[in-house]
Amino acid sequence: MTGTSTTSNGTNGGSLPTPTGNRKRQSVDGVEYPRRRATIACEVCRSRKSRCDGSRPKCRLCIELNAECIYREPGIKLDAGDKLILEHLSRIENLLQTALPSSPSNSHVPLSSESSAISTATGLSNDDILMKSTLNLSGVGNSGPVGLGTWSNFSSMPKIHSTPALHLLQWPKISQLVSRPYSPSHLLQLELARTPLQLNTSLTLDLSNTAAYVQTFFERVNVWYACVNPYNWTTYYRTALSQGFRSGPESCIVLLVLALGCASTRGSISRIPQDEGPPGMSYFSAAWGLLPSLMTRTNMLSAQCMILTSAYLFYIVRPLEAWTLLSSTSMKLQLLLSTNPPAMLPTASRELSERVYWNALLFESDLLAELDLPHSGIVQFEESVGLPFGFEEEDEEPVGGGRDDLWYFLAKIALRRLLNRVSHLIYSKGASTAISSLAPIVAELDYQLTQWYESLPIPVQFPHGRVLLSNPVQTVLRLRYFACRTIIFRPYILAVLENEKLGNDSTVRENCRKCLEACIRQLEHVTEHHAGHMPYLWQGALSMVSQSLLVMGATMSPSLSSVLPAPEQMDVMFQGVIEEVEHYAHLAPSLRSSAEIIREAEERRQIFLRNASMRV
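What counts and how
Residues numbered from 1 in each chain as written. Predicted model: local features only at pLDDT ≥ 70, side-chain atom pairs only at ≥ 80, totals over all residues. Heavy atoms only, no water. Helix = DSSP H or I, 4+ residues; strand = E, 2+ residues; numbered from the N terminus. Contact = heavy atoms within 4.5 Å. Areas by Shrake-Rupley, 256 points an atom, 1.4 Å probe, with all protein chains shown as cover. Phe/Tyr/Trp six-rings, centres within 6.5 Å; stacked < 30°, edge-to-face > 60°. Buried < 20%, exposed > 50% of the residue type's maximum accessible area, 1.4 Å probe, protein only. Lys NZ or Arg CZ within 6 Å of the ring centre and 35° of its normal. Disulfide = S-S within 2.5 Å. Expected span 1.5 Å × (residues − 1). Bend = angle between axes of the 7 residues up to and from the residue. Polar contact = N/O pair within 3.5 Å; in protein donor to acceptor, adjacent residues only side chain to side chain. Salt bridge = Lys/Arg side-chain N within 4 Å of Asp/Glu carboxyl O. Axes fitted to C-alpha atoms, helices over the stretch in contact; angles between N-to-C directions. Left-handed = near helix turned anticlockwise from the far one by under 90°. Nonpolar A, V, L, I, M, F, W, Y, C, P; charged D, E, K, R; others polar. pLDDT = per-residue confidence, 0-100. Parallel < 35°, antiparallel > 145°, perpendicular 65-115°, else oblique.

What about the overall build of the protein chain?
Of the regular secondary structure elements, the protein chain holds 22 helices and 0 strands. For the protein chain, restricting intrachain contacts to residue pairs at least 6 apart in sequence, the fraction spanning at least 24 positions comes to 75%. With an accessible surface of roughly 25100 Å², the protein chain has 52% of that area assigned to carbon and sulfur atoms.

Set out below in structure tokens:
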């Protein structure tokens, strides 16, 4: 997040608008459908937006995919909203019925949204339900490309995979960019050897800016985690105040909200002078002193405290401390969820348990994507934990006009599940990287990423163009979109680096171009990453290193370099990335080493290009 007052809707002083009645036509009619379609088209062709030849009993595409071919009866008129819902449902149903024809364990998979029941129980409008069901369907893990066999529910990272940034240092040409070999566990070893976090829990608390920090939290921070209810905040604060902020989960939550709210007022932590210390540390230290007693409590409020503590640890770039705390949170959640399933809980308790659960799963997945850490097992409850629908509005007014924004949180869940699916299908141990076997998998994953983007509600759907965005939510979603697109097409870069002749194949060349374009989109305006520095600085930095190494390797390949911008433009881009990552070096030993690696890689790349006479 930057230090300006830009908030979630890209304006000054506002927040991301919640779904309302006047948003329905905009979000639904904003979905583009082909103007010309076959007069008769089956549901599979409709869902994939493919031309249908109308053959009966099966069209050619359904024969090729071995899918059930269903034609809509003539005379049924559907508006855009019906099309959006039914086409998603039709595709998911067809994929499930074809890929999982006889699996009794999938009989409980929901294939439709119980809109009326949900609306009655939660008070949500149809617009809310449409938005949530769309994002839910775009992230369904049980579906997969028909004809490719059954896909498991890949909601967690695989235990052995090759997605981490430093794994690229083992690739052809890229391995020449460093002077010594790096173990895949190099960054983890650095963090393990790091000086432990030491906090002074007796610091005096300054409560003079409490109101400002609380308002800032609900305007700029809660959108990332969506786990603090703005409608009962006043009750929490009164309880904490009556306890002198010295005991209880309410005190801990209030202190952590103040810490994160204070932190968000200062912009990226990478630009704060080192002698100042992280903003909000006095509040965090006080909350840290309350944690030992809360860690022994098995209730959802204590788990919520630990999630917010992990959020601040990510902010100050302490990934291993965050993982240690999250492991304990996971055990607590698994016990709570096994004894009190969310479906059996009152609405308010269920809503909090769902949000705490998804935060824990998302945090863990982000860490497992870069570090070889033990899995907690929390993913086993994913099928029994629903998606959040919104905190109930209680008698109190939301603090500071804060809203319960869920759009980013739901979008992040769907995209993280897709990223995990990519890791399973392409980067897990035993996954085939042969070009022939990759083609249908990559095509389907790219299609699912497109569906995710098209399912985003209008207020958070980012433009694809190179325009700089003032809305931090859109900025972060766009960066994560291109990161996912990069990882989907990355195997084609490896294929060409291993065998230069493959670069002559038009399909391989085009997929390499898509990968490299996605990389460059993340690096060309590198300070855009500041928008996500509250939740993602460490992850974002390693992503930048990964994309830079990939493009550097491409500049050393004759066929790949031909699809890149001018060499001088690449030089400027790499220098900008190096300077940016060096601003993070003091925050963590893993980032210091990453900065050293990327600088040495650029120096050696320049030498390689001069020697190879590849510069224009």
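Comments concerning the packing of aromatic side chains
Across all of its chains, the model carries 18 aromatic pairs by this definition. Between the aromatic rings of Tyr213 and Tyr283, the centroid separation amounts to 6.0 Å while the plane-to-plane angle is 75°, which identifies the pairing as edge-to-face. Here Tyr213, found in helix H8 (residues 210-225), pairs with Tyr283, found in helix H11 (residues 281-295); they are 70 residues apart in sequence, far enough to count as distant. Accessibility assignment for this pair places Tyr213 and Tyr283 in one class, buried. For the pair Tyr225 and Phe363, a centre-to-centre distance of 6.0 Å together with 50° between the ring planes defines the contact as tilted. In this pair, Tyr225 sits in helix H8 while Phe363 sits in helix H14 (residues 347-368), placing the two residues 138 residues apart along the sequence. Of the two residues, Tyr225 and Phe363, neither departs from the other in class, the shared state being buried. In this arrangement the basic side chain of Arg355 is found over the ring face of Phe391, its NZ or CZ atom lying 3.8 Å from the centre. In this arrangement the basic side chain of Arg480 is found over the ring face of Tyr536, its NZ or CZ atom lying 4.3 Å from the centre.

Overview of the state of the cysteines
As enumerated under the stated definition, the model contains 0 disulfides in all. The thiol of Cys227 is unpaired, and the distance to the nearest cysteine sulfur, on Cys305, comes to 9.9 Å. Looking at Cys227, the relative accessible area reads 0%, which means it is buried.

Digging into helix H17 (residues 472-498)
Between its first and last C-alpha atoms H17 spans 39 Å; for 27 residues at 1.5 Å apiece the expected length is 39 Å, and the two agree. Its maximal kink placed at Phe489, H17 deviates by approximately 45°, while the proline Pro491 follows within four residues. Most of H17 is tucked away: 25 of the 27 residues are buried. One side-chain oxygen at the N-terminal end of H17 lies 2.9 Å from the backbone nitrogen of Val473; it belongs to Asn471.

Some remarks on unusual backbone geometry
Of note, the bond from Arg56 into Pro57 is cis; its omega dihedral lies within 30 degrees of zero at 0°. The topology assignment puts Pro57 in the loop between helix H2 (43-48) and helix H3 (60-65). Even without being glycine, Val317 reaches a positive phi, approximately 60°. You can see Val317 is positioned in the loop between helix H12 (300-315) and helix H13 (319-339). The class for Val317 is buried, based on a relative accessible area of 1%.

Structural notes on the pattern of salt bridges
Summed over the entire model, instances satisfying the criterion amount to 19 salt bridges. Residue Arg318 is joined to Glu321 by a salt bridge in which the shortest nitrogen-to-oxygen separation is 2.7 Å. Note on Arg318: relative accessible area 11%, which makes it buried. Where Asp571 meets Arg605, a salt bridge forms, and the shortest distance between an N and an O atom there is 2.8 Å. Within this pair, whereas Asp571 is found in helix H21 (residues 567-582), its partner Arg605 is found in helix H22 (residues 589-612), the two being separated by 34 residues in sequence. Overall, the relative accessible area of 1% leaves Arg605 in the buried class.

Focus on the environment of Pro278
Looking at the element boundaries, Pro278 is found in the loop between helix H10 (248-264) and H11. Given a relative accessible area of 28%, Pro278 falls into the partly exposed group. Residues Pro278 and Ala263, 15 residues apart in the sequence, show an inter-C-alpha distance of 7.4 Å. Not counting chain neighbours up to four residues away, the residues in contact with Pro278 comprise Ile269, Tyr312 and Ile316.

Some remarks on helix H15 (residues 407-427)
Helical geometry note: an α-helix holds 3.6 residues per turn, so side chains three or four residues apart project in the same direction. Over its 21 residues, H15 extends 29 Å from the first C-alpha to the last, a length consistent with the 30 Å expected when each residue adds 1.5 Å. Within H15, 20 of the 21 residues are buried, which leaves it mostly tucked inside the rest of the structure.

What to know about the packing of helix H19 (residues 533-555) against H21
At a minimum axis separation of 11 Å, H19 and H21 run at an interaxial angle of 145°. Remark: the crossing between H19 and H21 carries left-handed chirality. Seen from H19, the contacting residues are His533, Met544, Ser548, Val551, Met552 and Thr555; seen from H21, they are Met570, Met573, Phe574, Val577, Glu580 and Val581. Among the residues forming the contact of H19 with H21, the class breakdown is 8 nonpolar, 3 polar and 1 charged.

Some remarks on the side chain of Ser251
Among the structural elements, Ser251 can be located in helix H10. The residues contacting Ser251, other than those within four sequence positions of it, are Ala240, Gln243, Phe245, Arg246 and Leu290.

With respect to the confidence of the model for the protein chain
Scored by pLDDT, the protein chain comes out at a mean of 80, with 78% of its residues at no less than 70. In the model, residues 1-39 has pLDDT below 50 throughout and makes 90 contacts with residues more than four positions away in sequence or in other chains. This stretch, residues 73-86, has a pLDDT under 50; its non-local contacts, to residues over four places away or in other chains, come to 14 contacts.

Some details on the packing of helix H9 (residues 233-242) against H10
Relative to each other, H9 and H10 sit at 110°, their axes nearing to 8 Å. If you check the angle between H9 and H10, you find them roughly perpendicular. H9 and H10 meet at a crossing whose hand is left-handed. Together, Trp233, Tyr236, Tyr237, Thr239 and Ala240 of H9 and Glu250, Ser251, Ile253, Val254 and Val257 of H10 make up the contact between the two elements. In terms of residue class, the contact of H9 with H10 is built from 7 nonpolar, 2 polar and 1 charged.

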